[in-house]
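Listed below, chain by chain, are the residues.
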Amino acid sequence: MTKTRSIDFSKLGLRDALDLATIIEEEAKERYQELADQMELHHNAAAAHFFRFMHDVEVIHERKLFERRTALFGKEPRTVDRGMIFDIEAPDYDSVRATMTPRQALHTALAAEVKAFEFFEASLPSVTDADVRELFTELRDEELEHQGLVQKQITALAPDDAITTEDMGDDPVAQ
Amino acid sequence: MDDLVIGMAGSGGDGIVSAGESLISAATYEGYYAMMTKSFGSQVRGGESSCRVRLSTHRVLNPGGALDVAIALNWDDFLKFGAELPVAGTTIVIYESKTGVAPDALPLVGVAPREVFAVPIGELAKQGAGSDKAKNTVVLGLLAGWFGLARTSILRGLRKKFIKKGEALVAANEKAFQLGEQYAKEHPLATPRAMDAPGVQPGSRLLTDGNDMAAAAALFAGCEFFGGYPITPSTEVMQFFNREVWKYGGAVLQCEDEIAGIGAALGASFAGKKSMTSTSGPGLSLKSEIMGLASIAELPLVIIDVQRGGPSTGLPTKSEQSDLFAAAYSAHGDVLRPVLAPTSVADTFDVTVEAFNIAERYQTPVIILSDQEVAQRKETVDPIDPARFTIETRRVPTAAELTDYQRYRFTDDGVSPLSHPGMQGGNYQGAGIEHNERANPTASGKLHEQMNAKRFKKLAPLQRRKDLFHIDGNPKAPLALISWGSIAGVTREAYEAARKEGLDVKLLVPWLVYPVAEEIYRDFFSSVRSGFVVEQSYQGQLYRILRSYVEVPAGVVAFCRSGANPIQPGDVLAKLRTASLTLQEPAVQVPVED
Amino acid sequence: MPTSVAALAAYQSKDFKSDLKPIWCPGCGDFGVVQAIYRALAAIGRAPHDIAFVSGIGCSSRIPGYTTAYGFNSVHGRALPIAQGIKLANPDLLVLVASGDGDGFSIGGGHVPHAVRRNIDITYIVMDNQIYGLTKGQLSPTSPKGLKTVTSEYGSLEEPVNPLMYMLAYGAGFVGQGTPADMAGLADVIEQATRYPGFSFVNVQSPCVTFGEDDDQVKDHRANMKSLASLGHDPTDRLAAMGLAQGYGTDLHTGIFYKNPNPPPTFDAQMRVRQAELAPKALPRERILDMFVQR
Ligand SMILES: Cc1ncc(C[n+]2csc(CCOP(=O)(O)OP(=O)(O)O)c2C)c(N)n1
Ligand code: SF4
């Protein structure tokens, strides 16, 4: 899989690593926004609400990373861009359905956290810069933490209705 | 003598059509007006073939009725053409004596031709050229000898034609020609019938057929792309265009079928080029879905449909005017699509340029409804002054419009600026789906209504285009003729003859056959009590369309018959005479109930 | 916000994303396809207004509207001819075509061999979901034999077509396959196809979650796909490509099946040469009718 492009992790410095982490969050944020829009278009308010919440969470993550980067490197120009990463922490398109339940939406988010964890885990061995190592380790562990949080919410959720929209809704409409 | 109609028939190997071509080229060069139609059996090669050549010192409107001169190299073949080569009491019949038919026992039922010559045509060819294959050249010699036709120009033409194959062949043909000419001189006509000399400088007029003319006009109009699929009798448009358009930076794509042909043409238009396709009946049916797409996507496109006998394969080599319904109506949804019909080779130029102008100005597909007769007959055409024409191009967005581009913006005239790929800021999605002003898909009933209104509104000015109608005669005349396409030439000749006889008749010939220009017809019909819509189709399709849009006076009826049963000027004239008599009878007062 | 920081590449994916919100069913494979297309286009770096993106009709054919390129969402099955006309009218454009399996191989199937043999430089992306999506789940030409659909109540009796074999047999210079289960890999194949000078084809196994066979198709793809590169396949070996393409319907091979190492001249390139050669012979437009004067 070519999820990254023209990144040599062995030469990655802290500034670029922070920038990468920022745009990974940016990508996730946009995807949640998209999924929320999809749910809205398909009249699934509960899932839309959850994805908007996740979007806001990613906004916070993104901002924190950006502030950290600015504190360390000021206005130094960015030398990495979105073309270099693809689909790292963004929730999967195929994991959502028009009639999905909040529980399923939480699973979508959970899978995204796992995906992100795996990315940092897989990149770490190639990283040589000590600061970057520290950052990636921290981010990886954060993903683990997020997984725990999502998992907790799933457990806390009241059991799903026995009857779902899938069971009761209209058939899809032919165009 | 100022008008001569010659008909000849033989087997394909006799080269009778090739003789006709030589004759019409020479006559046009000398300054005659000429027209030539060809007709063939259904064999691809070597079947029976025939041609009619009409020569005149004044403009010719149609291929003429009964023959003045009939030439049969073989009676079986001649007779197969039936009504296309009608012999009358005025006809001079010339035939190959080797057929063994006695001059007083010709296989022509019920007519006694004016003069009959049994000529040893093959024999003369053998004597002159060493082979009876040169029969057609002997025929040219006979015609030159008897009717004083274009002698030097024919000889010049023969030289031009055969010189590539060597001087010996030229000499052989010259000899055959001379023997024919000499034979004619030795056997003079009872009443000599030499053609009058034409009154113009040689070499000033054009000679071509409707298909080539349409292609040339398209080039002139700036068309740079053709996508299509071969089908008789339209293929020559594509062939001519393919020879020429590359020189102008364009291309022809011979596609896998008619759908792909119009698809590619529409793609080229989307990309910003003027483009066209051409076809005949069956192909028109295949193209109809994409014509609908062109209408809703509002893209300029010119579609030439050369009508032939239908439905289906029908009579693929014969003319008919039976695609008007298909041209006007073959669309799903509410669609208004202009249809223009040329009436001659000459006005095929005007109509084609006009079609491109309308397509570009209104961003719409336009159908040119030609027919086999116009498309494939050769005709002398007076020089056309290119300065007479303005060439229109589509309205592209201004820089200001591109800053907030709306492809389907509602405008006063219904025409919105049209961008094309490569134009920065003009990006939009063309689509068959209904859309809003920004070209985004919609299912809104309100927008659909508004967009339909826009697409109809932009074409409304066409209804007032008087220049797309040719109206002649006394505006108050009670008797009227309406006719379109090639048959309009026949109708016009009848109209002129009727006027000479003193009948008070007027004539309307539309180039724009659809949409129906209601006001123009209403005006025209206001004085009319009787008349005919003359058409070469079984149903009389224009007549029926007119009746659904305007109040057609009860005395106006269709005069129509299927293709390959040519309507002659005399037929129309006879109808007019009867109608005129009825008009003179005092009108019966019908008591009105209230 | 950091998004406004100067970017390195001339174009980013977002430059190709339009404001229209896709109406696809959540979960549809086509969401991943359009993302991969954005990414491929960003990598190629042509301006959106220099791209023409043509489609037919189907769920998949909605795709041009979700990009900022010039789009043409035409009629069912006719995207290829329209695209060819566009490219010949303006060979400077980058021309992409999108279809579904019904659009591309049923109603539009007759256009395919001709587009291939003409070798006009366009890229054909088929979103192959083995079903008719837009019309609600009828049998498609790529549906596996035996598939029960609303129009094959008792199971289809027909063999499916194999798009990969078709294209290879017709002589396409570039044949690739991808799946939205690997969007990055898919983007890569689409990018390479677009860069290939000539007709190129990408089959995308893009599941329909509403009418498709089962709900976990993308997950299955993720588990079962095999990249051709990892199999050691040599993409210049057409026969080997055909061997692998036989697996269509059972194996999910991703990447490049075949890429002609010596691309022959394209129709459009040859057209330009011909136009240049013949240009001196053009009569001025106002003298075109001189051709018909009898001299
Ligand atoms: C001439 C014509 N026939 C039929 C249709 C109806 N129609 C629209 S899309 C479609 C098939 C869609 O299937 P596919 O091409 O596989 O695309 P998908 O929706 O699955 O992406 C059909 C039959 C049409 N629009 N036009
Ligand atoms: S019906 Fe199928 S192909 Fe169409 S949008 Fe829904 S999931 Fe996608």
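Here, the structure is the one placed above.
Residues numbered from 1 in each chain as written. Chains lettered and ligands numbered in written order. Predicted model: local features only at pLDDT ≥ 70, side-chain atom pairs only at ≥ 80, totals over all residues. Heavy atoms only, no water.

(A) Fine view of the overall build of chain C. Counting secondary structure elements, chain C contains nine helices and eight strands. Overall, chain C is about 75 × 55 × 40 Å in size when its C-alpha atoms are taken along their principal axes. Residues classed as buried in chain C amount to 61% of the 295 residues present. Within chain C, contacts between residues separated by at least 24 positions form 70% of all contacts whose residues are at least 6 apart in sequence. Of the accessible surface of chain C, which amounts to about 10900 Å², a share of 52% is contributed by carbon and sulfur atoms. Here chain C holds 25 positive side-chain charges and 27 negative ones, and the gap between their average locations is 7 Å. (Helix = DSSP H or I, 4+ residues; strand = E, 2+ residues; numbered from the N terminus. Buried < 20%, exposed > 50% of the residue type's maximum accessible area, 1.4 Å probe, protein only. Contact = heavy atoms within 4.5 Å. Areas by Shrake-Rupley, 256 points an atom, 1.4 Å probe, with all protein chains shown as cover. Lys, Arg positive; Asp, Glu negative; His and termini not counted. Charge placed at Lys NZ, Arg CZ, Asp CG, Glu CD.)

(B) Here's a closer look at empty space enclosed by the protein. Under the definition given, this model contains three cavities of 30 Å³ or more. For the largest cavity, the calculated volume is near 90 Å³. What lines the largest cavity is a set of 13 residues, among which Y93(A), D94(A), P180(C), M183(C) and R222(C) lie closest to the centre. Of the residues in the lining of the largest cavity, the class split is five nonpolar, three polar and five charged. One number sums up the size of the second largest cavity: a volume of about 40 Å³. Taken together, G77(C), R78(C), A79(C), L80(C), P81(C), S99(C), D103(C), G104(C), G108(C), H111(C) and Y124(C) make up the lining of the second largest cavity. Grouping the amino acids of the lining of the second largest cavity by side-chain chemistry returns four nonpolar, five polar and two charged. (1 Å grid on protein atoms, 1.4 Å probe; cavity = no way out; pocket = protein on both sides within 12 Å on 5 of 7 lines; lining within 4 Å. Points joined across faces, edges and corners; volume = space filled by probe spheres on them. Nonpolar A, V, L, I, M, F, W, Y, C, P; charged D, E, K, R; others polar.)

(C) Geometry of unusual backbone geometry. Residue P233(B) is bonded to the preceding T232(B) through a cis peptide linkage, with omega at 0 degrees. Turning to its location among the elements, P233(B) is positioned in the loop between β8 (225-228) and α8 (235-244). Omega for the bond connecting Y514(B) with P515(B) falls within 30 degrees of zero, at 0 degrees, which places this linkage in the cis form. Among the secondary structure elements, P515(B) is positioned in the loop between β19 (512-514) and α17 (518-525). Backbone geometry places H43(A), a non-glycine residue, at a positive phi of 60 degrees. Looking at the element boundaries, H43(A) is found in the loop between α1 (14-41) and α2 (45-73). The phi dihedral of A564(B) is positive, around 65 degrees, even though this residue is not glycine. Mapping A564(B) onto the fold places it in the loop between β21 (556-560) and α19 (569-584).

(D) View of the site of ligand 2. W24(C), C25(C), C28(C), C59(C), N129(C), G133(C), C208(C), V209(C), T210(C) and F211(C) make up every residue found near ligand 2. Split into classes, the residues belonging to the shell around ligand 2 amount to seven nonpolar, three polar and no charged. (Near = heavy atom within 4 Å.)

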